[in-house]
Amino acid sequence: MNNFLPYSRQLINKDDINEVIKVLKSDYLTQGPNLEKLELNFKKKVKSKYCLAVSSATAGLHLSCLSLDLKKGDFLWTVPNSFVASANCGLYCGAKVSFVDINEFTFNIDINLLKKKLVRAKKQNKIPKVLVVVHMAGSPADMFQIKKLSKKYNFRIIEDASHAIGARYNKSSLVGSCKYSDVTVFSLHPVKIITSGEGGIITTNSIEIFNKIKSLRSHGILRDKNHLIKKNYGYWYYEQKYLGYNYRLSDIHAALGSSQLKKVSYFVKKRNEIANYYKKNIKEKNILFQKVLKGSYSSYHLFIIQFKKIRNESIYNKLFNDFRKKKIMVNLHYLPIHLQPIYRKLGFKKNQFKISENYAQKSLSIPIYPQLKKKELDFIIKTIKLLAKKYDLF
Ligand SMILES: *Cc1c(COP(=O)(O)O)cnc(C)c1O
């Protein structure tokens, strides 16, 4: 085998390419018909009332926070074990960011720690305005419990579902239905479940949130006459109501996203087959896999293995490099956000969120994507066993 095996990658076929070429030959490279098509088909799929495609999930998180009126003096909470964008959206709005640690088995937000932090926050009058819930690796967090807490303590919920296109809370509802949240955000980056090159998707069931995000996505400008201050005007007239951005998705990107959307079920099924193959063939008591909540269905953006016996960074480093020497491009998802230099400057410290820190010292994402072959999977499994033996990790 000569090829590198990345931890995840896109799968593009002829149909995808043809859809992009069609746009290039058409009149509209941006703000054309493919954007609406993508939004319509996406909301049909997840059963949300509204859907908006944007330039990235990062942009989507920013706009979602703005639509919930997050601002200076407010608090946003998320988990340390996520991509930095889950927390940065709070900083963009001038809010204070804080973290709730993860559960050591689900790798998602720990409900008991969330409860405890809410009790403390209530006493100090510091209840967050927004909680960003991450569905780590595509495995849904316990949204039922989180929704209950949001009613009791009065905070809003954004689901960062960047990993979770095609994931389900249970048999009947897909992530993105916003059954338990105000807004859900997905990423269409090439390493995620489906791609548009760069891109993000926002779903919501609130017309107010939808209208605000729609305007903010394009400079804060309104053209719909129901929302304008001036009543009699010509076709050229528009009003800027908010300080918005250009977070639009081009029609070139939207065409690719739209074509890829048709394949979500196939991609996620394949990812689940690979995950099951790994689980069946790497059964060791000192290797931990992510626990998926009963009844829910993961999209397996990542397949994470945790070596419980790794005791220090030097072993982790050696293991990591040995995998890479074999062209198995393992990676860590994620370095805890609170330990990043800009978050340390805000006052966060080592040992503050120990479960995420412990997770990061022992966990690796191994390759998972639909086109992986059985031969490659067996090579990866063999290498895991070989290296675990070498470093005494079984
Ligand atoms: C990838 C990712 C993002 C950012 O997605 P982009 O589309 O690249 O902006 C945000 N949150 C999480 C958890 C991610 O994995």
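Every value quoted in this text rests on a predicted model; they were computed, and no experiment measured them. (Residues numbered from 1 in each chain as written. Predicted model: local features only at pLDDT ≥ 70, side-chain atom pairs only at ≥ 80, totals over all residues. Heavy atoms only, no water.)

Trainee: Is there a simple way to think about the overall build of the chain in this case?
Mentor: Within the chain, the secondary structure is distributed over 13 helices and 14 strands. On the principal axes, the C-alpha backbone points of the chain span a range of 75 × 60 × 40 Å. Every one of the 394 residues in the chain was classed for burial, and the buried ones make up 56%. In the chain, 72% of the contacts between residues at least 6 apart in sequence involve partners at least 24 apart. Of the roughly 19100 Å² of accessible surface on the chain, a fraction of 53% belongs to carbon and sulfur atoms. Where the 71 positive side-chain charges of the chain centre and where its 28 negative ones centre are 4 Å apart. (Helix = DSSP H or I, 4+ residues; strand = E, 2+ residues; numbered from the N terminus. Buried < 20%, exposed > 50% of the residue type's maximum accessible area, 1.4 Å probe, protein only. Contact = heavy atoms within 4.5 Å. Areas by Shrake-Rupley, 256 points an atom, 1.4 Å probe, with all protein chains shown as cover. Lys, Arg positive; Asp, Glu negative; His and termini not counted. Charge placed at Lys NZ, Arg CZ, Asp CG, Glu CD.)

Trainee: I tried to follow the sheet that holds strand β11 (residues 287-289) on my own but got confused; where do I start?
Mentor: Within a sheet, neighbouring strands are paired by backbone hydrogen bonds and run either parallel or antiparallel to one another. The 3 strands lie next to each other as β11-β12-β14, forming an open sheet whose pairing is antiparallel. Taken across any chain shown, the strands that pair with only one partner, and hence form the sheet edges, are β11 and β14 (363-366). The mean inter-strand angle of the sheet, taken between neighbouring strand axes irrespective of direction, is 30°. Bridge count between β11 and strand β12 (residues 303-307): 3 bridges; the pairing is antiparallel. When the sheet's bridge partners are listed, leucine 288 is paired in β12 with glutamine 306. Sitting on the sheet, helix α10 (residues 313-325) touches β12 and β14, and the angle it makes with β14 is about 10°. Each of β11, β12 and β14 touches helix α13 (residues 374-390); the most contacted strand, β12, lies at about 15° to it. (Pairing = 2+ DSSP bridges. Axes fitted to C-alpha atoms, helices over the stretch in contact; angles between N-to-C directions.)

Trainee: Sorry, what's going on with the layout of surface pockets here?
Mentor: Rolled over the atoms, a probe as big as a water molecule pinpoints where empty space is left. In this structure, the largest pocket spans a volume of roughly 880 Å³. Surrounding the largest pocket, 27 residues form its lining, Leu52, Lys214, Ser215, Arg217 and Ser218 being those nearest its centre. Of all the secondary structure elements, the ones that give two or more residues to the lining of the largest pocket are α2 (33-46), β2 (50-54), α7 (207-217) and β9 (221-222). If one sorts the elements of the lining of the largest pocket by residue count, α7 sits on top with 6 residues. Its residues assigned to classes, the lining of the largest pocket comprises 9 nonpolar, 7 polar and 11 charged. For the second largest pocket, the calculated volume is near 540 Å³. (1 Å grid on protein atoms, 1.4 Å probe; cavity = no way out; pocket = protein on both sides within 12 Å on 5 of 7 lines; lining within 4 Å. Points joined across faces, edges and corners; volume = space filled by probe spheres on them. Nonpolar A, V, L, I, M, F, W, Y, C, P; charged D, E, K, R; others polar.)

Trainee: What am I meant to see in unusual backbone geometry here?
Mentor: Negative phi values dominate among residues other than glycine, just as trans dominates among peptide bonds. Note that the residue after histidine 333, namely tyrosine 334, is joined by a cis bond; omega there is 10°. Non-glycine residue asparagine 125 carries a positive phi angle of around 60°. The topology assignment puts asparagine 125 in the loop between α5 (111-123) and β5 (130-134). Residue asparagine 125 is classed as exposed on the basis of its relative accessible area, which comes to 71%. A positive phi angle, near 50°, is found at tyrosine 300, a position not held by glycine. Mapped onto the fold, tyrosine 300 is located in the loop between β11 and β12. On the accessibility criterion, tyrosine 300 (5% relative accessible area) is buried.

Trainee: Can you walk me through the environment of aspartate 322 in this structure?
Mentor: The topology assignment puts aspartate 322 in helix α10. Other than its neighbours up to four places away in sequence, aspartate 322 contacts Leu387, Lys390 and Tyr391. A polar contact is formed between the side chain of aspartate 322 and the side chain of tyrosine 391, at a distance of 2.6 Å. (Polar contact = N/O pair within 3.5 Å; in protein donor to acceptor, adjacent residues only side chain to side chain.)

Trainee: Looking at this structure, I do not really get the site of the ligand. What am I missing?
Mentor: Around the ligand, 14 residues are found, and the nearest of them are Thr58, Asp160, His163, Ser187 and Lys192. Between the ligand and threonine 58 there is a distance of 2.5 Å, counted from an oxygen atom to a side-chain nitrogen or oxygen. A distance of 2.7 Å separates an oxygen atom of the ligand from a polar atom in the side chain of serine 187. For the ligand, whose unbound accessible area comes to 380 Å², protein coverage reaches 93%. Of all the secondary structure elements, the ones that give two or more residues to the shell around the ligand are α3 (57-67) and α4 (85-92). Of the residues contributing to the shell around the ligand, the split by class is 4 nonpolar, 8 polar and 2 charged. (Near = heavy atom within 4 Å.)

Trainee: For this particular structure, what's the right way to read α2?
Mentor: Within an α-helix, residues lying three or four positions from one another point in the same direction, as the helix has 3.6 residues per turn. Given a rise of 1.5 Å per residue, 14 residues ought to cover 20 Å, and the 21 Å separating the end C-alpha atoms of α2 matches this to within 8%. Turning to α2, its buried residues number three or more, namely Asn34, Leu35, Leu38, Glu39, Phe42 and Val46. With its buried residues spanning 135° around the axis, α2 presents them on a single face. In α2, the exposed residues that point more than 90 degrees away from the buried face are Pro33, Glu36 and Lys44. For α2, the elements touching its buried residues are α1 (14-24), β2, β7 (183-187), β8 (200-204), α7 and α8 (251-261). (Expected span 1.5 Å × (residues − 1). Arc of directions from axis to C-beta.)

Trainee: Where do I start with the pairing of β12 in this structure?
Mentor: Consecutive side chains of a regular strand alternate in pointing toward one face of the sheet and then the other. Among the 5 residues in β12, 5 count as buried, and that is most of the element. Burial of β12 is two-sided: the residues Phe303, Ile305 and Phe307 facing one way and the residues Ile304 and Gln306 facing the other way are all buried.

Trainee: For this particular structure, what's the right way to read the sheet that holds β5?
Mentor: Spatial strand order, β2-β8-β7-β6-β5-β3-β4: 7 strands in an open sheet with mixed pairing. Only two strands of the sheet have a single partner each, and these edge strands are β2 and β4 (96-99). Looking at each pair of strands side by side, their axes are set apart by 20° on average, direction ignored. In the packing of α5 onto the sheet, the strands contacted are β3 (75-78), β4 and β5, and the crossing angle to β3 comes to about 165°. This element, helix α6 (residues 143-153), spans β5 and β6 (156-160) of the sheet and lies at about 155° to β6.

It is worth stressing that arrangement in space is one thing and function is another; only the former is reported here.
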